[in-house]
Amino acid sequence: MRIDIPIPRNTPFDVVGVGINVIDYLFRIPHFPEPNTKMDALGASIQGGGLTATAMVACARLGLRTRYIGKFGGNEIGRLARE
């Protein structure tokens, strides 16, 4: 499906993303776990994520001028996501 809409060329941005942002908690484990088992993580990291927010970061890294429209919480996790 193609939607033809005029795109002004004198805008301060190339792409706008509207959606949610999230914080991802990533854990590195030694191997894929067997069912009904537990294991210790080898390491962990906290990163920003979410489909729209991640797409805007990718577009910006490709050189596009991006804008993001979404909500952030007022707590520590919201501040982390905003950063």
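Residues numbered from 1 in each chain as written. Predicted model: local features only at pLDDT ≥ 70, side-chain atom pairs only at ≥ 80, totals over all residues. Heavy atoms only, no water.

Novice: Give a detailed account of the overall build of the chain, specifying residues and quantitative values.
Specialist: The secondary structure content of the chain amounts to two helices and four strands. Taken over C-alpha atoms, the radius of gyration comes to 18 Å for the chain, far larger than the 12 Å a tight globule of 83 residues would show. Along the first, second and third principal axes, the C-alpha set of the chain runs to 55 × 35 × 20 Å. Buried residues in the chain amount to 13% of all 83 residues. Considering only intrachain contacts with a sequence separation of at least 6, the fraction spanning at least 24 residues in the chain is 58%. When the accessible area of the chain is evaluated, it comes to approximately 7,300 Å², of which 59% is carbon and sulfur surface. In the chain, 10 positive and 7 negative side-chain charges are present, and the distance between their average locations comes to 9 Å. (Helix = DSSP H or I, 4+ residues; strand = E, 2+ residues; numbered from the N terminus. Rg over C-alpha atoms; globule rule 2.2 N^0.38 Å. Buried < 20%, exposed > 50% of the residue type's maximum accessible area, 1.4 Å probe, protein only. Contact = heavy atoms within 4.5 Å. Areas by Shrake-Rupley, 256 points an atom, 1.4 Å probe, with all protein chains shown as cover. Lys, Arg positive; Asp, Glu negative; His and termini not counted. Charge placed at Lys NZ, Arg CZ, Asp CG, Glu CD.)

Novice: How would you summarise the layout of surface pockets if you had to cite specific residues and measurements?
Specialist: Reported here for the largest pocket is a volume of approximately 360 Å³. Among the secondary structure elements, those contributing two or more residues to the lining of the largest pocket are β2 (22–28), β3 (43–49), α1 (51–61), β4 (66–69) and α2 (76–82). Per-element accounting of the lining of the largest pocket gives the leading share, six residues, to α1. Across the lining of the largest pocket, the residue classes tally to 11 nonpolar, six polar and four charged. (1 Å grid on protein atoms, 1.4 Å probe; cavity = no way out; pocket = protein on both sides within 12 Å on 5 of 7 lines; lining within 4 Å. Points joined across faces, edges and corners; volume = space filled by probe spheres on them. Nonpolar A, V, L, I, M, F, W, Y, C, P; charged D, E, K, R; others polar.)

Novice: Would you mind going over the pattern of salt bridges in detail, with residue names and values included?
Specialist: Think of it this way: side chains of opposite charge can pair up when their charged atoms draw near. One pass over the full model with this rule turns up two salt bridges. Here D14 and R65 are joined by a salt bridge, their closest N and O atoms 2.9 Å apart. Taken together, the residues D14 in the segment before β1 (15–18) and R65 in the loop between α1 and β4 connect sequence positions 51 residues apart. Classification of D14 as partly exposed rests on a relative accessible area of 42%. (Salt bridge = Lys/Arg side-chain N within 4 Å of Asp/Glu carboxyl O.)

Novice: A description of the packing of aromatic side chains should follow, citing residues and the corresponding values.
Specialist: Summed over all chains, the structure comprises one aromatic pair. Between Y68 and F72, the aromatic rings sit 6.0 Å apart at their centres with planes inclined by 65°, giving edge-to-face as the arrangement. Y68 sits in the partly exposed class, given a relative accessible area of 26%. For F72, a relative accessible area of 26% gives the class partly exposed. (Phe/Tyr/Trp six-rings, centres within 6.5 Å; stacked < 30°, edge-to-face > 60°.)

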